[in-house]
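Survey of secondary and tertiary structure
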Amino acid sequence: MRRLAWFSFLPAAVVVLAAGCGSPSVPAQPAYDADVRPILMAHCVRCHGAGGSLNVPTEPTGPNAPTLPSISDSSVLMSFDALNLYVDQYDSTGDCTSNPPSNCKQGAEIFATTIAGTVHASAKPPTAMPPAPAPRLDDWAIEILDNWSNEKPKPVCSNSPDPDNTICPNGP
Ligand code: HEC
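Residues numbered from 1 in each chain as written. Predicted model: local features only at pLDDT ≥ 70, side-chain atom pairs only at ≥ 80, totals over all residues. Heavy atoms only, no water.

This next bit is on the nonpolar core. Most often, soluble globular proteins keep nonpolar side chains buried together rather than apart. Within the largest apolar cluster, 24 residues are counted, with the highest numbers of intra-cluster contacts made by Tyr-32, Val-36, Leu-40, Ile-115, Leu-137, Leu-145 and Trp-148. Looking at this core, the elements that each hand over two or more residues are helix 2 (32-43), helix 4 (112-119) and helix 5 (139-149). (Core = buried A, V, L, I, M, F, W, Y, C linked by side-chain atoms within 4.5 Å. Buried < 20%, exposed > 50% of the residue type's maximum accessible area, 1.4 Å probe, protein only. Helix = DSSP H or I, 4+ residues; strand = E, 2+ residues; numbered from the N terminus.)

Here is the structure:
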């Protein structure tokens, strides 16, 4: 009898646990400052912008470590430099239109659609991000990047009328 009673509580306990441990719900209108940047800082910035630079990807990370096998091709590394993507900034800075560009750092906003595309399960190496052996993003993060990239007229920097101007220097 006791045993039976204990078992009857199990389904409820599982539901509570799943709700408690699962990811929070995906915001319909995610913003760069609150929702997107934390994901990019956790999974992408070590190559795309940490320390204010592009960091040629090595694994395990370290100055003398070999280049990641998944992207060691020189043409891949050239396109990495040309991309010039700094995910820790929303806006592009410097002069990106001159040839060669001067001091140009391209921000996440203009690449929103490409960023969302590279994290999808359907993305193929070498542009599946982050590159192996890093684990792919979970569905929660992918959905946030998708929703953000689909915002019209453009992916927003902040949902606050008065955002942190180090992250959103040109307003929300
Ligand atoms: C280990 C280093 C590394 C990490 C971490 C990394 N990238 Fe990349 N990324 C690269 C390299 C190298 C390329 C160039 C690949 C190419 O264009 O062939 C690249 C290319 C890209 C491109 C251009 C793809 C295209 O279609 O041309 C985007 C967008 C991108 N990365 C976004 C991201 C995002 C978003 C994350 C995090 C989820 C991320 N990257 C994590 C190294 C990295």
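Before going further, it helps to spend a moment on helix 4. Every buried residue belonging to helix 4 is among Ala-112, Ile-115, Ala-116, Thr-118 and Val-119, and all of these are buried. Across the axial projection of helix 4, the buried residues extend over an arc of 165 degrees, all falling on one side. Each element contacted by the buried residues of helix 4 is listed here: helix 2 and helix 5. (Arc of directions from axis to C-beta. Contact = heavy atoms within 4.5 Å.)

Time to look at the state of the cysteines. Under the counting rule described, the total for this entry stands at 2 disulfides. Disulfide pairing places Cys-96 opposite Cys-104 at an S-S distance of 2.2 Å. Handedness of the Cys-96-Cys-104 disulfide follows from its S-S torsion of about 95 degrees: it is right-handed. Judged by relative accessible area, which is 27%, Cys-96 ranks as partly exposed. You can call Cys-104 buried: its relative accessible area is 9%. Assigning the bonded cysteines of the chain consecutive numbers by sequence position, one obtains the connectivity 1-2, 3-4. (Disulfide = S-S within 2.5 Å.)

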